[in-house]
Every structure is written in C-alpha cells, then in structure tokens.
Amino acid sequence: MKKHFTLLIFLTLLVVGSIHAQSRSVSGKITDPSGETMPGVNIIEKGTLNGTTSDIDGNYTISVPDGATLVFSFIGYTAVEKPVGSNSVLDVTMQVDVSDLEEVVVIGYGTQKKSDLTGAVGSVNEQSLKDRPAATLSNGLSGKVAGVNVSVNSGRPGGRANIRIRGNTSVSIANDPLYVIDGVIMHATGLANGSTPIDYINPNDIASVEILKDASATAIYGARGANGVILVSTKRGSKSGGTIAYEGNYSIGVLPKKIPLLNSEEFLAMEDLAYQNAQKYDPNGWNNGIYKDPKLKRTNPKLFDANGQPLHDTDWQDESLQPAFTQSHQLNFTSGNVDDNFGVYLGYRDEDGLMHNSWMKRYSSRFVFDTKLKDWIKVGGVLSYNDQKESQVDPLGGGGIIAMRQVLEALPIIPVKYEDGTWAGNADYPGMEGGDNPIQVAEERIYLVNTQTVLGNVYANLYLAKGLEFRSNLSVNIVNQRVDYYGGRDLDYISKNQGGDASIFNDRLNSWQFENYLTYVREFNENHSLNAMVGIAWQHVDRFNSTARAQGFQDDYFTFNNLGAGAVAVQPNSGTVAYGLNSYFSRINYTFRDKYLFTFTGRVDGSSKFGESNQYAFFPSAAFAWRASDEGFLSSSNLISNLKLRASVGQTGNSEVTAYQALAGMGNYSVIFNDQRQIGIGVSRLANPDLKWEVTSQVDFGAEIGFLQNRLMFELDLYRKITDDMLLSAPVPSSSGYTVVSKNVGSMENKGVEFGFNTVNIEKNDFTWSTNFNLSINKNSVKELTGGSDIFLGSTIVREGEPVGSFFGYVHEGTWNTEEETVAASYNKRPGDIKYKDVNGDGVINDSDRVIIGKGIPDGFGTFANTFRLKNFELLVDIQFTYGNDVLFRSKHSAEDRTGIANSFKTVLQGWTPENQDTYYAQIRPLTAGYNTNNDSRRVEDGSFVRGRNIMLSYNFSQHTLEKLKVGSMRTFFSVQNFFLSTDYSGYDPEVSTSGAAFDQGVDLYAYPKPRVFMLGVSVSL
C-alpha cells in the first residue's frame, strides 16, 4: 500500500508537470528607499509556493504564468504586490515597515488587524507549523506562544498532549481549551485514551492558528472560554490560478535513552540476597518453612546450565523498543481567483511506534470553496473527512500499563522464544510475578482504535449596505469511534483465566450549530471608527455508545470479529446523552484617532446541563489599548518604532460537566434473588438543582514595544485569573445510598507573567539571523474549598492554599541504621527499613504524617529558537525548557520494591547492607516479608528539563534549478526532533502524564517513551 501510494503521487506530479500552463520569465531589481540594492528579498508568486530571492545585487528572475501577481517581502519592510501583466521587467522599491502589526488575525466571529487588538492573542502561521512537522496540531503548537503550555505526554504514534493556557482552572472537569475550526466549535471530550477531536485533524491542512488568552479575547465564547480558545483556520482555494503542491517526509524514531535494569547475573544475586534476609524480616514465615533456597529451583534446562548458571541475558528494552518508521504525504489542488476559488486537500500518514505492534494510519481529505454569486452575496464552505486507525499499547487504565511495565519487569534470564518456537515468560521460573513476555503480549493482545470524523461548514455572507454585513453559518461535526479489543487465551494476568476476552465499544457523537450575526463597520471623519457585531447561536450535541463483550473462546482465530464464538456472553451496556446551548453575543470595537482602542464584549449562554434557575449566565469583558508610539512625542523617534499598552477585564465560563448532573439519574441495580441474578432500575444519582457554571474572572495588563524599525520586538503580559464555583463530583456519605453528587465546591487562582521577544540580530547581503524567545511564569493555588476539606483524586490532593493536583505522601528520610535500632523498634521497624518522617511527632507513622511532597505544574516554561539563513540554506534550532515542576515516578513502586519476583531497576543494587547503611534503598527482602507501597518523597523527582526540540536544515532550490525542473518551487529539509534532553529525572522523559485526570500532570506510571526522530522531507509546487 505504501509503495502504491507513493507511486501514485509521483505519476500525478509527472502528468501535471507535462500539462503545466505556459509560463514567462520576469526579472528586475529591488532597492530600498535610499536607492541601495536589497539582496535576500523573497519573491513569491501569489497563492503558490513558486518563489525565489534577490541576489547580492538586488536582481531576481522568476518564471510565472500569464496573469500572475508577485509578492515581494523582507523582514522590516512592507510587503509589495505587483501584477505581472504584460511586463517582463518589474523593478520594486521596498518601503520600511514601521510595524508588522498590519497582519490580520482571526478573532471570534471576525478578523482584526494585529495593531488593533486590545486583548492577548497569540498567532502561529503555516510556515511556523511546517518548521516542526508533527502528527497532531497539539504537538505542533508546543512552544510557539507564551502562556500556552503544551505537554507531550506520550511517545505513542500520534502522541497525547495536554494544552493549558494560563494554568488549570478546574479541579475535575476539562481544563482543555476550546477548539474552533473554521468556525466549527469542537464539543467532544472523553474519547478513547484521553484524545480529543483536534487530534484527528490533519495539521498539514492548517493555514493559521490564533490562541485567545485573556478575557477580552475569549469572552465572545462565553461559557466555554475559561480555558482559552484556539481558533484554527484551514487552507482555502487559490486566488491566483491553478496550483498543485506536494509535501512529503520520511522519518525514523529511536529510543534516546534506556533505564538501567538488572542483568541476569544481578537479578539472580538479588534473589539470593532476598532469601538470605527473609529470616530477619519474616521470622515466622522462615520458621514455618515458606522460604526455599532459590538455587534449588534453577534446574530448567531451557533457562540454566548444569551448574545453575543462566543461559540467557535478554535486554527487553532492546527487544521491545524498535526503530519506528514513518511516512507522511500531502497532495493539494487549488485554483480560482479573488471572487471564486476552491481547493482539494489529500493526506496520508503511516506512523510506527517504538513499542512492538504500535502504529497509526490516517487518511484525510478536505474540499473547500468560496464564491461570489452576486455583488451582494458570497457563499462558501468546507467538508473534511478523516479516517484514522491506531494500534495502541498504552490505553489509560490498568490494561495499558501492562505493556511498558512488562518491558521493564520481564526477567533477563528468559528469552523471547525457546528453540522450539514457543514463547517464554516470567511464569517459566517458579515464584515469579508477571505473565508472558512483552513481545507475546504485543502480538496476542489487540487494542485498535478506529476513528472517523466529518467536519462540515457552509456560510453565506450578505452585503446589505455599505459597511453592513450579515453572515449565516451552519456547521456539523460527527465523530464515530470504535475500539476493538482482544486478549488471547494464553495471556497470563490478562485474559487466560477468561479463555480469551473480546469486546467492541462503539461511540458516536453528533454536533451541529447554527449561527447568525450582523457586523457593522464605519469610519466617522478621521477621528472615529466603529466595528460592531451582534449575533445569536444554537448548538446541539448528542452522543450514543454501546459495548458488546464475550469470553471463553475455543481458539484465537476470530479475535473480536465474531463475538458469537465466545461461550460466555458478558452483559452488554449502552448509554446516551444530549444537551444544547442557546447563545446571544455582541462585541463593539471603537477607535479614536487610531490611537485609543476600546473593546466591549458580552455573551449570554444558556445550557441544558444546569439547574433550572441557573441555566443562563452573562459573560462580559472590556478592554482598552493605547498606541503610544503614534503620539507626537514618539512618532518621530528613531529608537521606538512601536509602543502599545493595553488592559482588559472580564469573565468567562466552563460548562464541560457531564449532562444531566443537575437532575436525579436512573441506573441499573444487580441483585441475587432465589439463586438467580436479577436486574432492577432505581435512582442512582442525587439531584442538585442549584448546580451552575464555573466562572473565571481575569484581569490582564500588557505592553508591546518595538525598537529600530521593529528589529527588536518585546511583549509583556501580567494577568490574574480567579475561578469561582468550581464543579466537582464530590463524595457524599455512603449511608445516603449514593457515593457522589455534582456540585460547586470552591475557587482557584492563577497569576502569572508572560514575556517574549523577537529580534533580527544580523541582516547582511546573504545572511540573516533572527531569534525568538518566550518565557511564561504561572503560580496556581486553590483559594477555597467548600467546608475546607481536602479532595483526594488519584495520586494527588486538592488543598486550600496549595497548587491544584499536588502530590501527597510520606517524607522519605533514608533508612534506619544500626545505631538507631531502639528508635526504629518504637516505630515497629528494623535497621534496613525505610525511615519516614514522623510529621506530627506522635510516635506513629500513619496517614496523619502524609504531606504535600511535590507538584506537577511547572513554575515556568519557554522556548529559545534561532533561525539562520545563508543564501538558499536555512537552519532552525529550537530549544524548550521547563523548571519548577516535579514528577511522581510511580513505576518505582514495583521496579524497586518487589525485588526477587520480577526484574528491577539497577538502583536496587544500592540497597541497605551492614556495610552500606547510608542509602535511600531498603534492605532487599522477599515480597512476603514486606515492601513499600507508599507514595513518598523518594518517588518524587525534579522534572525540570532543557530539550533540543528541533533542529532543521532546509534548502530552497534556486530559480535556475526550478526552471530546469519545470516546477514553481521546491524545498527539501532534514531535521532531528528531540535531539537532546538535559534533566535530572531518572525515567525516560520528565514531560509525562499517564493519568486521564483533569490536572494530573507529572505522574509517570510506565509511560510510553518518546522517540528521537530523524526526518527527511521535500515540498514541491507546480
């Protein structure tokens, strides 16, 4: 299939190249306002990738079709557009751009010049996304915008990332931003393995991304804007004739580091040592004869020689973590003019994972059109379809953890297979924990996620009068997901006891929205300008899911494809949910003398999710900006070329609680009556008619300043966010007959600083060097909880005055030594046991001694990127950093404290002995003699890091070469992603979360490691 697809693309380009339209050569000279020639100016045929650059004397030559328009651009200068017409010579004089702020950015329900923004809005363009090709948009946005923390938490194909804009605002419901794609609001959450609909969008289709951060920018989305808004605009048709473009890349991913594990000799030595210490830690068991010398069981001729020495020394990381090959292809067809245009976009991605039998395949297609039917009406739309299939080995929950855990705990003394071709496993060596080896599990345990998404949108713009426009927009989003699972009949601890286990889970989500709004734009003499918008919207979401399951198969042939072949039919289940929103919104932008900018926004949202008296809420915002650089005292400054100060205040909401939580719910009850299982129906959930929105209030102060014709540009934001009425499924006394009720529980604060700068450091004839740097500092704390009681969620705690999701456990103080034997005995401990801090000094170590031992939320994070251009070459070096965050390395529980029953981290070699008492590691002992299961400070590690996120070398082919090849433009590149990682963390990667909780960042329980990716790519247009 891969070969056929690549061949198809090649033949398509070959055929199209043979019928390429007639072209003509255009040349000229480019100068600056003083008449000096300008080398390095970019010249692009508008609407295409066909381009060149001016040489050292400012001269250029380019081949373009009849009717083309050329766009001339250079850093620090205003872009110039010139129609070619009948000219064969076009000379251009570039004008200094006092600001690049005339760029138009997308905001909610409209667009605005960047210079007119009063809110905090970050923008990422298409080229910036291409600089780091990624499987998903989330991965591609990492480090692009200050205040936006993208944590890529898994190395599996397609990845899994958390995006947090200015911190967490909720304790239990979604902290994800709202995604809006071409005006379509993406509703779905809770898809398989923690994914969201944005993960199924082809990033190669994206033209630009705007990230709305403060209340002034997000309030237009009201009840769903509390976590920030990400606006995605996809590519449209060509406005300057037909074009064909191809982009492709091939890559290989490798494991950057391994975790040191015991080899065969060390493992057997630790097992012997555990046996020797059994009498000390379990004298009763020793006297009862439950412990046997492990040397006596080393008789299996498949594993040991005649002297009891191991025959194998298997490195399971080498066996299970393989080089991962990926290919990606994108083919685009566009055509049209300013009034009528269309585009067809096709994509294919085939990505292998580091872990055996882990992969992802995605097919994507999109059609877009815009046409001006009459002078007073324009219509358009987009229809996209994506089909993605994933073989996953790390689904959230216990089943996924098995995969990586078995890689680290498989015994080194066993091979993958014996000489007779049968699988080997931990169970082949008596007394061991764990089942079959990870290769067998990967082959015989299937977890396939099949996802099809449809996103459609049609609009009509009616130009009713001068400056008055009406837009009507109808959108749909359909997500159809199926999870196919099968656990083989021979897999210990997975499905062997069930005789094979198969299930099919179907989940379908339908969403539609209908929006209508009026926009009025008018200028009053030279001093006043007004842009006002008012609208109404309806949204509806419904979802249905079902599960069918069977066990007890005669063989593994059918897997999940024939549930009827299972002897045991497990009870099926299904569920449905639906909710709607009704919204009214308005925004007024007023500008006085082009220097004083005012924005007022308001939105009323009504949701069927909340109690009858709280279904509607109003979310207002106001903002002011002052373009001080336009004042007389700065307008003639040679130093300051741009200075804008802005401030905003407003409120947004979060409504992503499960529907019907304000109402009492019905559920199933199962009882045994007359020796038979009976099913009944009754009230299963308490009602809370007072349930209402989470509300986030935010204040922001910002400054933008540019020096030396904006060669140095700085941006600074200070903000404070307070979230009130946080939503939580809170526990209630079980004596009530229920376990939880949804209610509003308290408030949370985020406050921080965002700083960024862009500089053009060197700008010579054939060489430029530019730098981008951003730093975000955020402090999160829970301000108030109803009743003041702590809330325990997973491995974390929510406590007043502390960061949300702080790690909670005991303080590890090393081990008890022989001189402390008497004191240790008072705690029922011996020398060699772990020593915990008696926090309250009551002489007992219990739950009262648990304290906060770390936090997963970083104090700060940022990016330092440099771009170097030398003639046709370009080098990008992108560095990521994070500091002040911790990682709870929960894998240590079994990898360091269950020695002798599975393989362990090499750190157990530092265990306590009479000769080595100054250690954090307990004396080795058998499992039954007691081991540590507690979360403690020794399992919390510093998660700060500096990562070489991407280094890319690219080459743009010269015009001379392009003419020989008869193509419009061509670029090739080589990149290395994740090219280095500097950290004190002992796991694979400190950027990790294996939990699906709303804020559980920094928990590592056998996470899927991230690869180092070597990539080679090319793009070409005709």
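See the structure shown above.
Basis of the calculations
- Residues numbered from 1 in each chain as written.
- Predicted model: local features only at pLDDT ≥ 70, side-chain atom pairs only at ≥ 80, totals over all residues.
- Heavy atoms only, no water.
- Pairing = 2+ DSSP bridges.
- Helix = DSSP H or I, 4+ residues; strand = E, 2+ residues; numbered from the N terminus.
- Contact = heavy atoms within 4.5 Å.
- Buried < 20%, exposed > 50% of the residue type's maximum accessible area, 1.4 Å probe, protein only.
- Salt bridge = Lys/Arg side-chain N within 4 Å of Asp/Glu carboxyl O.

### Observations concerning the pairing of strand β45 (residues 873–883)
Line of reasoning, step 1. When strand β44 (residues 860–870) meets β45, the two strands line up antiparallel, connected through 11 bridges. Note on β45: the bridge partner recorded for Leu870 is Phe873.
Line of reasoning, step 2. In this structure, β45 lies alongside strand β48 (residues 945–956), joined through 10 bridges in antiparallel fashion. Residue pairing in the sheet places Leu876 in a bridge with Met952 of β48.

### Examining the side chain of Ser954
Line of reasoning, step 1. With respect to the secondary-structure elements, Ser954 resides in strand β48.
Line of reasoning, step 2. In this view, Ser954 contacts Asn872, Phe873, Glu874, Arg971, Thr972 and Phe973; residues no more than four positions away in its chain are not counted.

### Digging into unusual backbone geometry
Line of reasoning, step 1. Its identity is not glycine, yet Arg166 carries a phi of approximately 60 degrees, on the positive side.
Line of reasoning, step 2. Here Arg166 lies in the loop between β12 (160–165) and β13 (178–181).
Line of reasoning, step 3. Arg166 gets classed as buried once you look at its relative accessible area, which sits at 1%.
Line of reasoning, step 4. With a phi angle near 50 degrees, Leu708 is a residue other than glycine that sits in the positive phi range.
Line of reasoning, step 5. For Leu708, the location among the structural elements is in the loop between β32 (694–707) and β33 (712–724).
Line of reasoning, step 6. Overall, Leu708 belongs to the partly exposed group, its relative accessible area being 43%.

### What about the sheet that holds strand β14 (residues 184–185)?
Line of reasoning, step 1. With mixed pairing, the five strands of this open sheet are ordered in space as β10-β15-β16-β13-β14. Strand pairing shows two members of the sheet lacking a second neighbour, β10 (121–125) and β14, which therefore form its edges.
Line of reasoning, step 2. As defined by bridge partners, strand β15 (residues 206–212) adjoins strand β16 (residues 229–234) across six bridges and the pair is classed as antiparallel. Bridge pairing in β16 places Leu212 opposite Val229.

### Quick notes on the sheet that holds strand β7 (residues 92–93)
Line of reasoning, step 1. Here we have three strands laid out as an open sheet, ordered β4-β1-β7, and mixed in their pairing. A single partner strand is all that each edge strand has here, and the edge strands are β4 (59–65) and β7.

### Observations concerning the pattern of salt bridges
Line of reasoning, step 1. Under the defined criterion, the tally for this structure stands at 51 salt bridges.
Line of reasoning, step 2. Its salt-bridge partner being Lys1010, residue Asp989 comes within 3.4 Å of it at the nearest N-O pair. Of this pair, Asp989 sits in the loop between β49 (969–983) and β50 (1003–1004) while Lys1010 sits in the loop between β50 and β51 (1012–1021), and the two are 21 residues apart along the sequence. The burial state of Asp989 is the same as that of Lys1010; both residues are buried.

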